[in-house]
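This is what each chain is made of:
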Amino acid sequence: MLAASGEVLVACALEDAWALFNRFEEVATLIPTVKSIEFRDEEIWATLGVQLGIISVTSRLMLQVVHMEPWRISAQGWSFLAETMHTQIKKDGGPDGIEKDAKGKLTIHLELAHLNGVGVLVKYAAEVEAFGRLRRIYQSILKSKAPALMEQFAERLRTALEIGVDVSLTSLEGPPL
């Protein structure tokens, strides 16, 4: 299993941080790789993109919140390479018709902790169980991109909560990492 985690201290009230994390469309704009997001009933669908050298890697993600209680959220879902839906679907695939090495099971955890007089400690973690080609891509991303992406997420989170800046996908686009 591949995993990445981090934490960031934010100077804000616990209730303000929790309110932000209950607005999933706004949280998505803080994630550096998110290119688009849509909601389908209880599912969250996103398109993610990252640059690995000269190769641009795009994937689709479907998440569903599976656990939510004050100060904690967990979501689970699937990640697919963007071309998966067009080139990897095979008649002899798994129950959903998609080869198991073309998708990955994703779990995301978020926890908020109030630090008296200091602010809120935001802890986040993602775990991916991926196979074949997708596993190799995720390993490359974790090795070469994850630290910078996590720092970028932390800075965007600080900006959104401490300064109250309105964020959007268009305002966050920049040069590929």
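Check the entry above for the structure.
Note that this is a predicted model, so its numbers are computed, not measured.

**Quick look at empty space enclosed by the protein**
According to the stated counting rule, one finds one cavity of 30 Å³ or more in the structure shown. As a volume, the largest cavity reaches approximately 1,200 Å³. Contributing to the lining of the largest cavity are 45 residues, with Ile 31, Thr 33, Leu 106, Ile 108 and Ala 126 lying nearest its centre.

**A closer look at the pairing of strand β7 (residues 119-130)**
Across nine bridges, the pairing between strand β1 (residues 2-10) and β7 is antiparallel. When the bridges of β7 are listed, Leu 9 appears paired with Leu 121. When strand β6 (residues 103-115) meets β7, the two strands line up antiparallel, connected through 12 bridges. In the sheet register, Ala 113 faces β7, and the bridge partner there is Leu 121.

**What to know about the nonpolar core**
Counting residues in hydrophobic clusters, the biggest one holds 22 residues, and the most contacted among them are Phe 21, Leu 112, Val 122 and Leu 157. If one sorts the elements of this core by residue count, helix α5 (residues 146-163) sits on top with six residues. Beyond its immediate sequence surroundings of up to four residues, Leu 112 is in contact with Leu 14, Ala 17, Trp 18, Phe 21, Trp 71, Val 120, Leu 121 and Val 122. Counting 20 residues, the second-largest nonpolar core is a separate cluster that includes Ala 28, Val 50, Val 128 and Ile 141.

**As for the sheet that holds β1**
The strand order across the open sheet formed by seven strands is β1-β7-β6-β5-β4-β3-β2, and the pairing between neighbours is antiparallel. Two strands bound the open sheet, and with one partner strand each, they are β1 and β2 (34-40). Between one strand and the next, the sheet's axes are offset by a mean angle of 20°, whatever the strand orientation. Where strand β3 (residues 43-52) lies against strand β4 (residues 55-69), 10 bridges are found, and the strand directions are antiparallel.

**A short note on the environment of Ser 79**
Note that Ser 79 resides in strand β5 (residues 72-81). Sequence-wise, Ser 79 and Lys 103 are 24 residues apart; in three dimensions their C-alpha atoms are separated by 5.5 Å.

**Details of the pattern of salt bridges**
Two side chains carrying opposite charge are able to pair once their charged atoms lie near each other. Tallying each qualifying case throughout the model produces five salt bridges. Of the charged contacts in the structure, one is a salt bridge between Arg 23 and Glu 26, with a shortest N-O distance of 2.8 Å. For Glu 26, a relative accessible area of 27% puts it in the partly exposed group. By sharing partners, the salt bridges in this structure join Glu 69, Arg 72 and Glu 111 into a single network.

**Notes on the packing of aromatic side chains**
In the structure shown here, the tally under the stated rule is two aromatic pairs. The interplanar angle of 80° and the centroid separation of 5.7 Å between the aromatic rings of Trp 18 and Trp 71 together place this pair among those described as edge-to-face. With a gap of 53 residues between them, Trp 18 in helix α1 (residues 14-21) and Trp 71 in the loop between β4 and β5 connect regions that are remote in the sequence. Both rings, one in Tyr 124 and one in Phe 153, keep their centres 4.9 Å apart while their planes meet at 75°; by these two values the pair is edge-to-face. Separated by 29 residues along the polypeptide, Tyr 124 in strand β7 and Phe 153 in helix α5 bring together distant segments of the chain. The class of Tyr 124 is buried, set by a relative accessible area of 13%. The ring of Trp 45 has Arg 40 sitting right over it, with the charged end atom 4.5 Å from the ring centre.

Quick notes on the rules
- Residues numbered from 1 in each chain as written.
- Predicted model: local features only at pLDDT ≥ 70, side-chain atom pairs only at ≥ 80, totals over all residues.
- Heavy atoms only, no water.
- 1 Å grid on protein atoms, 1.4 Å probe; cavity = no way out; pocket = protein on both sides within 12 Å on 5 of 7 lines; lining within 4 Å.
- Points joined across faces, edges and corners; volume = space filled by probe spheres on them.
- Pairing = 2+ DSSP bridges.
- Helix = DSSP H or I, 4+ residues; strand = E, 2+ residues; numbered from the N terminus.
- Core = buried A, V, L, I, M, F, W, Y, C linked by side-chain atoms within 4.5 Å.
- Buried < 20%, exposed > 50% of the residue type's maximum accessible area, 1.4 Å probe, protein only.
- Contact = heavy atoms within 4.5 Å.
- Axes fitted to C-alpha atoms, helices over the stretch in contact; angles between N-to-C directions.
- Salt bridge = Lys/Arg side-chain N within 4 Å of Asp/Glu carboxyl O.
- Phe/Tyr/Trp six-rings, centres within 6.5 Å; stacked < 30°, edge-to-face > 60°.
- Lys NZ or Arg CZ within 6 Å of the ring centre and 35° of its normal.

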